[in-house]
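Residues per chain are reported as follows:
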Amino acid sequence: VDVFQAWCGPCKPVVNLFQKIRNEVGSNLLHFAVAEVDSIEALEKYRGQCEPVFLFYTGGELVAVVRGADAPLLQKTILKQL
């Protein structure tokens, strides 16, 4: 989940990375979503930050968090969680 605030929008460059990985591993294994923290109370702790935050869930449980648009770290985290 790409967690963002309305004033900065979702991290568009990372979308291409996720699409590339999704094509490589299969569309059934990887799902990508965006969530605006200003409209979701459960994400309140991520408000006021100027860096993108990516939350990784498996079976409904939060399993990893990556702060910043670090493409190599995001790819490593995705592949590790898969």
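The rules behind the values
Residues numbered from 1 in each chain as written. Predicted model: local features only at pLDDT ≥ 70, side-chain atom pairs only at ≥ 80, totals over all residues. Heavy atoms only, no water. Pairing = 2+ DSSP bridges. Helix = DSSP H or I, 4+ residues; strand = E, 2+ residues; numbered from the N terminus. 1 Å grid on protein atoms, 1.4 Å probe; cavity = no way out; pocket = protein on both sides within 12 Å on 5 of 7 lines; lining within 4 Å. Points joined across faces, edges and corners; volume = space filled by probe spheres on them. Nonpolar A, V, L, I, M, F, W, Y, C, P; charged D, E, K, R; others polar. Phe/Tyr/Trp six-rings, centres within 6.5 Å; stacked < 30°, edge-to-face > 60°. Core = buried A, V, L, I, M, F, W, Y, C linked by side-chain atoms within 4.5 Å. Buried < 20%, exposed > 50% of the residue type's maximum accessible area, 1.4 Å probe, protein only. Contact = heavy atoms within 4.5 Å.

- Under an unreviewed UniProt entry, the name given to the protein is TXND6 protein, and the organism recorded is Leucopsar rothschildi.

**A few points about the pairing of strand β4 (residues 61–67)**
Link 1 in the chain: Note: strand β3 (residues 53–58) against β4, 6 bridges, orientation antiparallel. Within β4, the position partnered with threonine 58 by the bridge is glutamate 61.
Link 2 in the chain: Between β3 and β4, which pair antiparallel and follow one another directly, the connecting turn spans 2 residues, one of which, glycine 59, has a positive phi of 60°.

**Side note on the pairing of β3**
Link 1 in the chain: Pairing analysis gives 2 bridges linking strand β1 (residues 2–4) to β3, with the strands arranged antiparallel. Paired with aspartate 2 across the two strands is phenylalanine 54, which belongs to β3.

**Regarding the layout of surface pockets**
By rolling a water-sized probe across the atoms, one finds the places where empty space is left.
Link 1 in the chain: When its volume is computed, the largest pocket comes out at roughly 300 Å³.
Link 2 in the chain: In this structure, the largest pocket is lined by 15 residues; those nearest its centre are Leu30, His31, Leu55, Phe56 and Tyr57.
Link 3 in the chain: Mapped by element, the contributors of at least two residues to the lining of the largest pocket are β3 and α2 (71–81).
Link 4 in the chain: With 5 residues, β3 is the largest single contributor of residues to the lining of the largest pocket.
Link 5 in the chain: Among the residues making up the lining of the largest pocket, the classes are represented as 11 nonpolar, 3 polar and 1 charged.

**Considerations on the packing of aromatic side chains**
Link 1 in the chain: Under the definition given, this model contains 2 aromatic pairs.
Link 2 in the chain: Relative to phenylalanine 54, the ring of phenylalanine 18 has its centre 6.0 Å away and its plane inclined at 70°; by these criteria the two rings are edge-to-face. Residue phenylalanine 18 is found in helix α1 (residues 12–25), and its partner phenylalanine 54 is found in strand β3; the two are separated by 36 residues along the sequence.
Link 3 in the chain: An aromatic cluster is present here, built from Phe18, Phe32 and Phe54 joined pairwise through their rings.

**A closer look at the nonpolar core**
Link 1 in the chain: In terms of nonpolar packing, the biggest core is built from 12 residues, these being Cys11, Val14, Leu17, Phe18, Ile21, Leu30, Phe54, Phe56, Ala64, Val66, Leu74 and Ile78.
Link 2 in the chain: When contributions to this core are tallied by element, the ones reaching two or more residues are α1, β3, β4 and α2.
Link 3 in the chain: Per-element accounting of this core gives the leading share, 4 residues, to α1.
Link 4 in the chain: Leave out the neighbours within four places in its chain, and phenylalanine 56 touches Glu61, Leu62, Val63, Ala64, Val66, Leu74, Thr77 and Ile78.
Link 5 in the chain: Formed by 7 residues, the second largest nonpolar core is a distinct cluster that contains Leu43, Tyr46, Val53 and Leu55.

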